[in-house]
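In case you want the letters, here they are:
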Amino acid sequence: MIFEKDNVSFQILDVFYYVKGENDSYNPKHAFDALSFKIKCNAKYTFNKNTETLTDHSIAYVPGSIISDCQNKYNESIAIHLKVHNYSTDRVEKFIPPDYSKYEKLFRELLE
């Protein structure tokens, strides 16, 4: 998982806040990856015949190289579009930090 790697580097392209209500979305391949902090979330990503459920205070990594479908019940997030170097995967990855407030603070600082 990207959250366990040491030699990964990032080039941040943009940072933004968004809120999505209940909807389904198709996510084609992109030229960038996404890393997002889920402030409040109940969403399920389906990709490569796998699923990953994202919940409040989780951090998600979505590689731009995959196609996914997302079923949102609610999704309030801070997202970072970025280029990732020295890492690749074909999965949506999730990390639930034990002390999420530190991570939320870092994402909010990037947003400013």
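In this text the structure is predicted, and so the values were computed from the model without any measurement.

A. View of the overall build of the protein. Helices and strands together make up the secondary structure of the protein, namely one helix and seven strands. The helix and strand sequence of the protein, counted from the amino end, reads β-β-β-β-β-β-β-α. For 112 residues, the compact-globule estimate of 2.2 N^0.38 gives 13 Å, and the protein sits close to it at 13 Å. Considering only C-alpha atoms, the protein reaches an extent of 35 × 30 × 25 Å along its principal axes. Buried residues in the protein amount to 40% of all 112 residues. Accessible area for the protein stands at about 6,700 Å²; split by element, carbon and sulfur atoms hold 49% of it. Charged side chains in the protein number 14 positive and 16 negative. The centres of these two groups are separated by 4 Å.

B. Representation of the packing of aromatic side chains within the structure. Per the stated rule, a full pass over the model turns up five aromatic pairs. Each ring, one from Phe 37 and one from Phe 107, has its centre 5.8 Å from the other, and the planes form 40 degrees; the classification is tilted. Here Phe 107 lies in helix H1 (residues 100-111) and Phe 37 lies in strand E3 (residues 33-47), a separation of 70 residues in the sequence. Accessibility assignment for this pair places Phe 37 and Phe 107 in one class, buried. A centroid spacing of 5.8 Å and a plane angle of 75 degrees characterise the contact between Phe 95 and Tyr 103, whose relative ring orientation is edge-to-face. Its relative accessible area of 26% is what places Phe 95 among the partly exposed residues. Members of the aromatic cluster, connected to one another through ring pairs, are Phe 3, Phe 95 and Tyr 103. Between Lys 40 and the ring centre of Tyr 74, over which it is positioned, the NZ or CZ distance is 5.8 Å.

C. Up close: a nonpolar patch on the surface. Residues Phe 10, Ile 12 and Leu 110 make up a contiguous nonpolar surface patch of about 280 Å² in total accessible area. As for its position among the elements, Ile 12 is in strand E1 (residues 9-20).

D. Fine view of the nonpolar core. Of all hydrophobic cores here, the largest spans 13 residues; its most connected members are Ile 2, Leu 35, Tyr 61, Val 84, Tyr 87 and Phe 107. Those elements giving two or more residues to this core turn out to be E3, strand E5 (59-62) and strand E6 (68-85). Top contributing element to this core by residue count: E6, with four residues. Setting aside its immediate chain neighbours within four residues, Ile 2 contacts Val 8, Phe 10, Tyr 61, Val 84, Tyr 87 and Glu 93.

E. Highlighting unusual backbone geometry. The phi torsion at His 57 lies on the positive side, around 65 degrees, for a residue other than glycine. Examined against the element boundaries, His 57 turns out to sit in the loop between strand E4 (50-55) and E5. The exposure class of His 57 is partly exposed, given its relative accessible area of 23%. Phi at Asn 86 takes a positive value of approximately 75 degrees, unusual for a residue other than glycine. Here Asn 86 lies in the loop between E6 and strand E7 (93-95).

Rules used throughout
Residues numbered from 1 in each chain as written. Predicted model: local features only at pLDDT ≥ 70, side-chain atom pairs only at ≥ 80, totals over all residues. Heavy atoms only, no water. Helix = DSSP H or I, 4+ residues; strand = E, 2+ residues; numbered from the N terminus. Rg over C-alpha atoms; globule rule 2.2 N^0.38 Å. Buried < 20%, exposed > 50% of the residue type's maximum accessible area, 1.4 Å probe, protein only. Areas by Shrake-Rupley, 256 points an atom, 1.4 Å probe, with all protein chains shown as cover. Lys, Arg positive; Asp, Glu negative; His and termini not counted. Charge placed at Lys NZ, Arg CZ, Asp CG, Glu CD. Phe/Tyr/Trp six-rings, centres within 6.5 Å; stacked < 30°, edge-to-face > 60°. Lys NZ or Arg CZ within 6 Å of the ring centre and 35° of its normal. Patch = residues over 30% accessible without salt bridge, like charges linked within 9 Å, V, L, I, M, F, W, Y side chains within 5 Å. Salt bridge = Lys/Arg side-chain N within 4 Å of Asp/Glu carboxyl O. Core = buried A, V, L, I, M, F, W, Y, C linked by side-chain atoms within 4.5 Å. Contact = heavy atoms within 4.5 Å.

That is the geometry; function is a separate question.
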